[in-house]
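Reading the structure
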Amino acid sequence: MPMHKNLPQPTERIERRISAATSISMCVLTVLAQIATTLLLTYFLREKASYVYAILEFAGAIVAIRVYQRPGSPSYKLAWMCLLLALPVSGMILFCLWGGTHQAKSLSLLKISPTPERESQRMGSEANLSRLNHQSPAWGRVATYLQKRGFPLCRNTDAKYFGDGAAFFDDLIQHLSQAEVYIFLEYYILAEGRVWDRMFAVLRERAAAGVEVRIIFDDFGNLTRLSDDTLQKMQNAGIEVEVFNPVHRYVNRIYFNYRDHRKIAVIDGQFAYTGGINVADEYANLIVRFGHWKDSAVRVEGEGAWGFATQFMQMWKMMGRTLQNEDDYYRPRHEAPAAAGFCQPFTDGPLNNPDNPIEETYLQMIGSAKRMLYLTTPYYAVEESMQKALCIAADSGVDVRLLIPGTPDHKLTYLVAETYWGELLRHGVKIYKYTPGFLHAKSVMVDREAALIGSTNMDYRTFQLHYECGVMLYHMPVVEELLEDLDSIMAQSALYTLEEWNDRSWFRRSFASILRLGAVWI
């Protein structure tokens, strides 16, 4: 079996891990160095060369104005402006070092055109839009918005919802074992353990049978979770692997924020999976982390699965890889099942900025809600526009419910999320804390008509920094399956009250408020 030229070899893997630790240390030391430099320069320039310091302050103000004038996230711009104005010397150094708002464009990704649509597919999507617009104008607008960004609207797609990691892995591995042509996997975390052992046994067998197996995983998400030996076994089995944003390539640049956070599995273009579940034992509760790990995923079968296949192929090509066959070779070979409703897979990433389909789809879903709006997310740090949209929806009589973890995995991000909850509660948004443990599910359900399930959190990283994926489900039976699971989550959750929020200590309030200002970097 020929060796994949881009897969890290033993010495490179060791270098990658050393470089990861080096880069993290550099990030911390850089910040500390800038603080120290600022203090020294402030003292020296104010005492010995005040005119020089005044010039630097003026330069910092000019850079802050330029940041303000750029399109993009208001929170991101505000954080940089505060830093530039408060600490002009260190602010300008960090701004240059971290690349400002153009950092993502420095990643080694090629600009690749999406997989061309067949004329029949384009006409089918237009016909589906017409039907959806006639049935539900609000959801027709959402679908039209996504189609204009290259994501066709599909029919003839069946879907199954999973509210439990163990059931999800059983179903995924069963369908992997039935692959005839190819398997595409793209995950943020691909960790060794019992789940991976089961999956790898199937992947190795399928690869030996001539099935193309391709895997993309995020480097930073797996630095300590995937060993050299496992990578070597994958290579020896004939599995092609591509590592997203390898740390060793960016030793002198702080690019950790840009990650491939997608969760995609595609089998023969006929079946596809997405959701919040990574490949790791905690997602099946085989090991305990932060109590019971509650997550969700969805399997689509039929026309909608092809959308995820094209998303994987585009990322594969953006990373400089080629496929063995033409794109049409990977289209499904079986007739799609007749099914009710409409399905629309889509993706997002920092190269789109300031156009962010995921964030804007969330806003449209919130604005379209008439009766009920349920959201699950492990993290919450949104722009003022989304916070306001949720408050307006609740004030308009919509039953808005936000489901969050009872046991957080990152305490600092949880403190940031708390700063938003008081306003939501005052406007009538109900907040449920999942008491058995950690709620990692990412979903939106509106009026029992439409739902979004994917890898997307409600935070700055999802909307601005990460490569993400999701699927819109309109008038499909699976929406009811999601609602049943959401009801189950709320039955196991504690209703968070405004009194509890007001009872937070003075220190907690103050510390959280400071953290919120820098939430774009947490």
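Scroll up for the structure.
Residues numbered from 1 in each chain as written. Predicted model: local features only at pLDDT ≥ 70, side-chain atom pairs only at ≥ 80, totals over all residues. Heavy atoms only, no water.

Strands sit in the order β1-β8-β6-β5-β2-β3-β4 across an open sheet of 7 strands; the sheet is mixed. Every other strand in the sheet has two partners, leaving β1 (157–162) and β4 (240–244) as the edge strands with one partner each. Here the average twist between neighbouring strands, direction ignored, is 10°. The strands that helix α15 (residues 478–491) touches are β1 and β8 (297–302); relative to β1, the one it contacts most, it runs at about 10°. (Pairing = 2+ DSSP bridges. Helix = DSSP H or I, 4+ residues; strand = E, 2+ residues; numbered from the N terminus. Axes fitted to C-alpha atoms, helices over the stretch in contact; angles between N-to-C directions. Contact = heavy atoms within 4.5 Å.)

This brings us to the sheet that holds strand β9 (residues 342–348). One open sheet holds the 8 strands; their spatial order is β9-β18-β16-β15-β10-β12-β13-β19, and the pairing between them is mixed. The open sheet is flanked by β9 and β19 (493–496), the only strands paired with a single partner. Averaged over neighbouring strand pairs, the angle between their axes works out to 20° when direction is ignored. One ladder, built from 4 bridges, connects strand β15 (residues 443–446) with strand β16 (residues 450–454); its direction is antiparallel. Counterpart to M445 in the pairing with β16 is A451.

This brings us to unusual backbone geometry. Located in the positive-phi region is N156, a residue other than glycine, with phi close to 50°. Turning to its location among the elements, N156 is positioned in the loop between α6 (137–147) and β1.

Helix length check: helix α3 (residues 74–86) (13 residues) gives 18 Å between terminal C-alpha atoms against 18 Å at 1.5 Å per residue, within 8%. Within the sequence span of α3, burial applies to Y76, K77, A79, W80, M81, L83 and L84. (Expected span 1.5 Å × (residues − 1). Buried < 20%, exposed > 50% of the residue type's maximum accessible area, 1.4 Å probe, protein only.)

This next bit is on the packing of aromatic side chains. For the structure shown, the criterion picks out 21 aromatic pairs. An angle of 75° between the planes, with centres 4.8 Å apart, marks the rings of W293 and F438 as edge-to-face. With a gap of 145 residues between them, W293 in strand β7 (residues 292–294) and F438 in strand β14 (residues 437–439) connect regions that are remote in the sequence. Like F438, W293 is buried. An aromatic cluster of three or more residues is present, and its members are Y182, F184, F312, W316, Y329 and Y330. The residue whose ring lies beneath R509 is W501, and the NZ or CZ to ring-centre distance is 5.7 Å. (Phe/Tyr/Trp six-rings, centres within 6.5 Å; stacked < 30°, edge-to-face > 60°. Lys NZ or Arg CZ within 6 Å of the ring centre and 35° of its normal.)

As a further point, take the packing of helix α12 (residues 384–395) against helix α13 (residues 411–426). In the contact formed by α12 and α13, the axes pass within 9 Å of each other and the chain directions differ by 30°. Looking at the two axes, α12 sits roughly parallel to α13. Classified by chirality, the crossing of α13 by α12 is right-handed. Judged by residue contacts, E384, Q387, L390 and C391 of α12 engage Y420, E423 and L424 from α13. Looking at the contact of α12 with α13 residue by residue, the class counts come to 4 nonpolar, 1 polar and 2 charged. (Parallel < 35°, antiparallel > 145°, perpendicular 65-115°, else oblique. Left-handed = near helix turned anticlockwise from the far one by under 90°. Nonpolar A, V, L, I, M, F, W, Y, C, P; charged D, E, K, R; others polar.)

Next up on the list: the layout of surface pockets. In this approach a probe as big as a water molecule rolls over the atoms, and the regions it shows empty are the leftover space. By volume, the second largest pocket is sized at about 810 Å³. Together, 35 residues line the second largest pocket, and I112, P114, Q314, T347 and N352 are the ones closest to its centre. For the lining of the second largest pocket, the elements supplying multiple residues, two or more each, are α10 (303–318) and β9. The residue inventory of the lining of the second largest pocket, partitioned by class, reads 18 nonpolar, 10 polar and 7 charged. (1 Å grid on protein atoms, 1.4 Å probe; cavity = no way out; pocket = protein on both sides within 12 Å on 5 of 7 lines; lining within 4 Å. Points joined across faces, edges and corners; volume = space filled by probe spheres on them.)

A separate point is the side chain of T274. Relative to the assigned elements, T274 resides in strand β6 (residues 271–275). At 2.9 Å, the side chain of T274 and the backbone oxygen of K263 are in polar contact. Excluding its chain neighbours within four sequence positions, the residues that come into contact with T274 are K263, A297, V298, F308, I453, G454, C469 and V471. (Polar contact = N/O pair within 3.5 Å; in protein donor to acceptor, adjacent residues only side chain to side chain.)

Its 12 residues place the ends of helix α11 (residues 357–368) 16 Å apart at the C-alpha level, agreeing with the 16 Å of an ideal helix rising 1.5 Å per residue. For α11, the full list of buried residues reads P357, I358, E359, T361, Y362, M365, I366 and S368.

What follows deals with the nonpolar core. If you look at the biggest cluster of nonpolar residues, it comprises 54 residues, and the most contacted ones within it are L373, Y380, L402, W421 and Y474. Among the elements that line this core, the one with the most residues is α13, at 8 residues. When residues no more than four places from it in sequence are discounted, the contact partners of Y474 are L132, W139, V142, A143, L146, L153, G341, F342, Q344, E449 and A450. Within the second largest apolar cluster, 48 residues are counted, among which are I216, W306, M445 and L486. (Core = buried A, V, L, I, M, F, W, Y, C linked by side-chain atoms within 4.5 Å.)

Counted by the stated rule, this structure contains 1 cavity of 30 Å³ or more. By volume, the largest cavity is sized at about 80 Å³. Around the largest cavity sit 13 residues that line it, and P378, Y379, P405, Y414 and A417 are the ones nearest its centre. At the level of elements, β12 (399–405) and α13 are the ones that each hand at least two residues to the lining of the largest cavity. No other element matches α13, which puts 4 residues into the lining of the largest cavity. Class assignment of the residues belonging to the lining of the largest cavity gives a composition of 10 nonpolar, 2 polar and 1 charged.

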